[in-house]
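Report on the structure
So you can see what is in the structure, the chains are spelled out below.
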Amino acid sequence: MSGANSFGRSFCVTTFGESHGPAIGCVIDGCPPGVPIAPEDFRADLDRRATGRSRHTSQRREADEVEILSGVYQGLSTGTPIALLIRNTDARSKDYGEIAERFRPGHADYTYWHKYGIRDPRGGGRASARETTLRVAAAVLAKKLLTQRGIRVQGWLSGLGPYAPARIVRDAVERNPLFWPDPEQLPELEAFLDGLRKSGDSIGARLTVIAEGVPVGLGEPVYGKLDAEIAAALMSINAVKAVEIGDGADVCGQRGSEHRDELTRAGFLSNHAGGILGGISTGQAIIAHAAIKPTCSILVPGRTLDVHGNEVEIVTKGRHDPCVGIRAVPIVEAMLALVLVDHLLRHRAQCADVPPQQPLVPADPFLP
Ligand code: EPS
């Protein structure tokens, strides 16, 4: 069983490091041998997640160069633990001098201090979104394994403050810095974000992530249900306050006749379930959503306490995200990919000798 800084059982990722420490890193234990991997393979997804790539994110500029320390020989994974290291190159810790003894309201500062009696306040320390870099790096391997099996994971922003996409154009998502699926709304959204940034405030967001081509049968009822582990994976991302699978909270108002996904020889007629029934994948697209709170490191002054119990005012300087949800798109993809690879390996270990069932329902053509 993994520890609190490790994730997954068969494909187990352990991350370490703080935002302003010398480096961050991870160890991936359980990666099958023979997966081709080179330092440049991490570039695309790390750039999608990185700060400083548009005016709408934190302006910290990290190199995010991955060093492969172990587990790879002549460009192939060897089956031994893969250690990845990324050195922090652009930390500016003096921004945190003034708030080292103050708690940012809405931030993990308060709970880390109470729990551990000590905290690294620089850039949020271990609670910083910087930690998610290695989740994305580890998932580059996971995505390779999924691609080999015809599984594709894609995420996008499906809400930004008061805005929701008017339509979903999936090809448009990677062509704009907001990962927004309706290109016609971009000018309005960018104007909204510019105004927000000037006001020193921040905003929440909603993300959607789907996986297509997932075989029927992944998931381990009852405590290792696929939806339960996806929910835990997404909820472990900084600032996530809610996770939904399929229709999510909308099921509260639905009738059974409306919610059920009817089966025909041509396929399922709908996908309200989000591709999971009884904690096991159905073969339909897996659909999950995550709600991300607005960053609490903002320039708008607020009331708080210091470590001595004095009431003080706080303003957080530094290079923060007006909407941290934007950069979370590759992170939700990473967490879904990690869960799926872990379950593919676990399923193979337990059920390799189960005779394959004749597929009753053709591959799901459903695209949201
Ligand atoms: C973060 C605060 C900012 C972000 C950082 C996450 O860091 P700093 O205070 O050092 O400017 O830039 O994000 C990253 C560096 C990253 O790679 O994601 C926070 O408090 O979560």
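Our subject is the structure that appears above.
My aim in this report is to walk through the structure given alongside it, one point at a time. Residue numbers restart at each chain and count upward from 1, following the sequence in its written direction. The predicted nature of this model means local features are confined to residues of pLDDT at least 70 and side-chain atom pairs, given and counted, to a pLDDT of 80 or more, with totals for whole chains, interfaces and linings taken over all residues. Side-chain calculation: all heavy atoms of the structure are included, whereas hydrogens and water are not.

Our focus in this paragraph is the sheet that holds strand β9 (residues 205-212). Backbone hydrogen bonds hold the strands of a sheet together, and the pairing may be parallel or antiparallel. One requirement defines pairing of two strands: DSSP has to find at least two bridges between them. Think of it this way: any DSSP run of H or I at least four residues long counts as a helix, any run of E at least two long counts as a strand, and we number them from the N terminus. One open sheet accounts for four strands, arranged β8-β9-β15-β10; its pairing is antiparallel. Edge positions in the open sheet fall to β8 (152-160) and β10 (240-245), since each of these has one partner strand only. Sheet twist, expressed as the mean angle between neighbouring strand axes with direction ignored, is 20°. As judged from the seven bridges shared by β9 and strand β15 (residues 286-292), these two strands associate in the antiparallel manner. In the strand pairing of β15, threonine 208 is matched with histidine 289. In this description, contact between two residues means that some pair of their heavy atoms is separated by no more than 4.5 Å. The angle between two axes is taken between their N-to-C directions and runs from 0 to 180 degrees, where each axis is a line fitted to C-alpha atoms and a helix contributes only its stretch in contact. In the packing of helix α5 (residues 226-235) onto the sheet, the strands contacted are β10 and β15, and the crossing angle to β10 comes to about 155°.

Here aspartate 194 lies in helix α4 (residues 186-199). Each residue is placed in one exposure class: buried if its accessible area under a 1.4 Å probe, protein chains only, is under 20% of its type's maximum, exposed if it is over 50%, and partly exposed if it falls in between. Taking relative accessible area as the criterion, aspartate 194 reaches 16% and is therefore assigned buried. Dropping the residues within four chain positions of it, aspartate 194 is found in contact with Arg55 and His56.

This brings us to the sheet that holds strand β3 (residues 23-29). The five strands are arranged β1-β2-β3-β7-β4 in an open sheet whose pairing can be described as antiparallel. The sheet terminates laterally at β1 (6-7) and β4 (66-70), the two strands that pair on one side only. One ladder, built from six bridges, connects β3 with strand β7 (residues 82-87); its direction is antiparallel. Within β7, the residue paired with valine 27 across the bridge is alanine 83.

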